[in-house]
Amino acid sequence: MSFHYSLTEFDGTAKPVFVGVDKYRQLLADELFWLSLRNTAVYTVFAVPLGVLVALALALLLNMKLRGMSLYRAMFFVPSVVPVVAASVLWVWFLNPQYGIFNGLLRLVGVAGPGWLSSPAWTKPALVLMSLWSVGGTMVLYLASLQDVPEQLYEAAEIDGAGPWRKTIHITLPIISPVILFTVIMGLIGGFQYFTQAYVMTGGTGGAADAALFYCLYLFQKAFNFQDMGGASAMAWMLFVVILVITLLTFRVSRQFVHYEGK
Amino acid sequence: MVRLAKYLIIAACAALSVYVLSIGPIDETPAENEVLISVWYPWAGEAGERLREAIGAFNQAGVIEPGTSNRIRVIALYARNDISTNQKLFIAIAGGSPPDVTFVDGPQVAEWAHRRALSDLTEMIRRAGIRQEDYYPPCWRQTVYRGRVYALTFCADPNFGLFWNKDAFRRAGLDPERPPRTIAELDALAERLTVRSGDFYDSIGLVPWGVYGSANSMYTWGWVFGGQFYDDRADRITCDDPHIVRALQWIKSYDRRYDKERIAALQSGFGSGERNPFILGKLAMHPTVISGLREIRRYAPGLQFGIAPLPYPDDEIWGTGEINSSWVGGWCLAIPTGSRHPEAAFEFVRWLCATDEGTEWVVRATGSFPGMRTCRYLRWLASDQGAAEDPARNKLLQILEACKHQRPVIPVQAYYLDQLRRAVDECLYKDVPASRALASARVNTQAALDRARAQARRRSTR
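Each chain has its residues counted from 1, running along the sequence as written. Working convention: letters from A go to chains and numbers from 1 go to ligands, in the order in which they are written. In keeping with the predicted nature of the model, local features appear solely for residues at pLDDT of at least 70, side-chain atom pairs appear and are counted solely at 80 or more, and the whole-chain, interface and lining totals rest on all residues.

(A) Structural view of the interface of chain B and chain A. The contact criterion used here is simple: two residues whose C-beta atoms, placed from the backbone, lie within 7 Å are in contact. In this assembly, 22 residues from chain B lie in contact with 21 residues from chain A. By definition, any uninterrupted DSSP run of H or I lasting at least four residues is a helix, any uninterrupted run of E lasting at least two residues is a strand, and each is numbered from the N terminus. Breaking the side of chain B that touches chain A down by element, the ones donating at least two residues are α3 (83-94), α11 (260-267), α19 (413-429) and α20 (434-461) of chain B. The element contributing the most residues to the side of chain B that touches chain A is α19(B), with 7 residues. For this scheme, ten residues count as nonpolar: Ala, Val, Leu, Ile, Met, Phe, Trp, Tyr, Cys and Pro. Four count as charged, namely Asp, Glu, Lys and Arg, and the remainder, Gly too, count as polar. A breakdown of the residues in the side of chain B that touches chain A according to their chemical character gives 8 nonpolar, 4 polar and 10 charged.

(B) Representation of the sheet that holds strand β8 (residues 161-165) of chain B. Residue and element names in this part refer to chain B. Strands are treated as partners if at least two bridges between them are detected by DSSP. An order of β13-β8-β14 is seen for the 3 strands of this open sheet, with the pairing classed as antiparallel. Each having just a single partner strand, β13 (285-288) and β14 (305-309) make up the two edges of the open sheet. Along the sheet, successive strands turn relative to each other by an average axial angle of 30°, direction set aside. As paired strands, β8 and β14 are joined by 5 bridges and run antiparallel to one another. Whenever a helix is involved, its axis is fitted only over the stretch in contact; in every case the axis is a line through C-alpha atoms, and angles between N-to-C directions fall within 0 to 180 degrees.

(C) Looking closely at the nonpolar core. Joined through C-beta atoms within 7 Å, a set of buried Ala, Val, Leu, Ile, Met, Phe, Trp, Tyr and Cys residues constitutes a nonpolar core. With C-beta atoms placed from the backbone, a residue is buried if 20 or more other C-beta atoms are within 10 Å of its own, exposed if 12 or fewer are, and partly exposed between those counts. Counting residues in each nonpolar core, the largest one holds 136 residues, and the members touching the most others are B:Ile37, B:Val109, B:Leu248, B:Leu333, B:Phe348 and B:Val349. Other than its neighbours up to four places away in sequence, B:Leu248 contacts B:Met218, B:Val424, B:Cys427, B:Ala434 and B:Leu438. If you look at the next biggest cluster of nonpolar residues, it comprises 48 residues, including A:Leu56, A:Leu62, A:Tyr142 and A:Ala232.

(D) Just the confidence of the model for chain A, in detail. In this model, chain A carries an average pLDDT of 89, and 99% of its residues clear a pLDDT of 70 or more. A score from 0 to 100, pLDDT tells how confident the predictor is in each residue. Ranking the helices and strands of chain A by mean pLDDT puts helix α3 (residues 31-62) of chain A first, with 94, and strand β2 (residues 17-18) of chain A last, with 87.

(E) Layout of helix α9 (residues 214-224) of chain B. Residue and element names in this part refer to chain B. Most of α9 is tucked away, with 11 of its 11 residues classed as buried. By the burial criterion, the buried members of α9 are Ser214, Ala215, Asn216, Ser217, Met218, Tyr219, Thr220, Trp221, Gly222, Trp223 and Val224. Next to the buried residues of α9 lie β7 (157-159), α10 (242-258), β13, β17 (327-329), β19 (405-406) and α19. The positive-phi residue at the C-terminal boundary of α9 is Gly226, with phi of around 90°.

(F) Seen up close, the sheet that holds strand β3 (residues 101-105) of chain B. All names here are of chain B. The strand order β2-β1-β3-β18-β6 describes an open sheet built from 5 strands, whose pairing is mixed. Each edge of the open sheet is held by one strand with a lone partner, namely β2 (71-78) and β6 (152-153). Inspection of the sheet shows β6 paired to strand β18 (residues 331-334) by 2 bridges, in the antiparallel sense. Looking at β18, one finds that Thr153 is bridged to Cys332.

(G) Quick look at the domain arrangement of chain B. All names here are of chain B. Reported domain spans reflect what an automatic or database domain assignment gives. Each assigned domain of chain B is listed here: domain 1 (29-155 + 329-402) and domain 2 (161-211 + 251-325). Computed over C-alpha atoms, the centres of domain 1 and domain 2 are 33 Å apart. Across the contact, 9 residues belong to domain 1 and 9 residues belong to domain 2. In terms of residues, the side of domain 1 that touches domain 2 owes the most to one element, helix α18 (residues 391-401), which gives 5 residues. A breakdown of the residues in the side of domain 1 that touches domain 2 according to their chemical character gives 4 nonpolar, 3 polar and 2 charged.

Structure follows, in structure tokens:
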């Protein structure tokens with residue numbers, strides 16, 4: 001249905017008029033389309049690897065058998081359960097340049113904090129930081145998969161004189177690599193569909209100088225602010241193709257890095 | 001047994017859908033000799049409460065539906081005027097069960113009329129004896145699309161009077177009774193009124209791009225500098241007119257002098273109500289909308305402030321602009337296409353927008369002015385007695401009387417607003433030259449406008 005609309009000029013209520021690939025052509029010539037794609041790509045390139053690294057680090061730390069570990073696990077998991085809109089509103093206040101926590105802490109060490117959401121250069125770093133707050137879900141996935149690593153492998157490695165670092169690199173990571181692949185792909189898909197936080201935190205505009213104009217936010221604006229359903233549908237299909245290509249690429253690259261125990 | 005359950009579920013779904021499909025726009029059933037009409041209004045909180053009181057007054061007035069002996073009773077529903085609720089309205093219209101009356105923001109009338117969401121009211125207005133001369137010209141212009149009238153002005157906000165904080169003036173050693181008259185004076189005063197504290201600002205004189213958003217700021221100062229945003233004879237967008245470019249360059253000059261990042265740091269603590277920066281003394285001069293009066297009276301009744309017309313450029317650098325420039329904002333009332341009781345709906349619209357009692361209720365509900373210039377309240381306010389009893393509103397009324405502008409009456413006004421916002425932001429944040437930023441806004445909006453016109457032509461030839 002939406003593919004059909006992407007070939008029409010349609011404002012949502014009047015009858016759609018067939019225009020062929022006009023909408024796609026208009027998009028490719030639209031500088032905001034490329035800007036939104038760039039914003040989304042930049043965000044994803046930073047948020048996904050950082051998210052994976054942080055979640056992995058936390059999972060490895062939380063895998064240790066220390067007292068109170070279940071409490072720490074819960075602490076790190078809870079933020080990911082907070083509803084996205086509520087979290088976004090909360091973070092608007094965290095990131096407030098004058099009264100927010102971050103700039104307050106920076107002020108304690110004598111650094112003048114940036115404008116965060118009101119500064120175009122710092123908007124995306126702020127959003128990447130916010131995405132790290134909700135790594136709880138990914139972390140729990142890694143924790144679960146860490147339980148699956150056979151103990152004998154560690155013992156065998158210790159006998160061969162491997163230290164903790166080499167054990168991690170040569171045993172832990174390869175064994176849980178399928179899960180890491182899964183979270184990377186889900187992270188990429190989620191990154192390209194990033195919308196809610198940007199919408200709530202910028203009030204539906206693209207933020208300071210369109211720094212937070214992500215692809216799906218621009219799609220939403222096109223559909224509901226400017227009543228260009230045809231253009232919005234075209235954007236949706238182009239996003240589908242982009243995500244498909246990236247996912248296929250990831251699978252191809254993963255063959256080198258992912259080790260499947262069963263095989 | 002399973003089969004029975006399956007049939008029961010199917011039967012329940014069928015019954016539910018029949019019920020759902022039979023729901024019209026109103027759930028209540030009218031009493032004997034009564035016709036119910038529904039109104040969607042866009043304000044929650046206090047403003048919504050006051051509007052409901054106004055509607056209650058209408059219901060008490062016992063207005064009769066023309067051609068029948070039915071009393072009209074209005075049922076009011078809160079429906080915020082934002083993107084998603086507007087979608088609900090359009091879907092309701094497309095589905096054939098819209099509200100009978102809806103509030104529509106002034107510049108939206110053209111866009112919604114273009115989308116065929118609003119009924120043509122020209123005949124009903126003519127029969128009711130309402131004339132174009134009864135309304136302020138910019139207000140009337142907003143309600144007309146392609147020669148037909150689609151709405152009546154509910155309220156007319158004069159945008160803007162320059163509010164200045166007399167205490168802040170005194171503290172800076174300035175004459176508190178002398179507001180700036182020209183842009184040059186405005187710049188000089190802003191310099192004196194900006195108080196630095198170390199690397200940051202304690203208070204600012206003026207934030208030109210902070211007049212209710214970047215787009216509204218561009219409109220305000222663009223007209224002050226003598227520009228035109230739309231040539232309606234040629235149907236061309238003209239936002240890169242040299243006057244408007246100069247206005248944007250002037251806005252940018254405040255960034256160069258005061259650094260927008262530092263201003264943004266101070267602005268981030270601003271809010272409304274008690275956190276209104278003008279009330280707090282953090283912003284010494286601010287073009288303020290008329291509802292700002294209510295806020296000041298409520299949160300800072302002792303505040304010493306003045307209201308003056310906006311300053312205008314009058315020198316070699318910024319050229320000459322428009323003296324006493326302003327534009328009109330405010331809401332209109334319209335009847336969506338497919339309303340089941342258009343005549344009754346029009347009686348409500350007429351009562352609220354074109355009668356003395358109705359317009360007095362508008363003042364009570366919104367604190368703003370009615371669009372009908374000949375109404376009893378405005379005649380009183382313009383008189384000596386009105387000037388003595390409510391000098392602030394009287395001042396704003398003078399600004400409204402001289403008002404020449406309204407936002408362009410085009411079917412792509414939301415897009416134009418966004419393009420102007422982007423132009424200002426690009427100029428401020430990415431240091432794009434003003435002429436280039438506005439030129440690209442013009443090109444994009446013109447393309448969207450041309451598409452909308454083509455769409456209208458296609459529809460009319462079918």
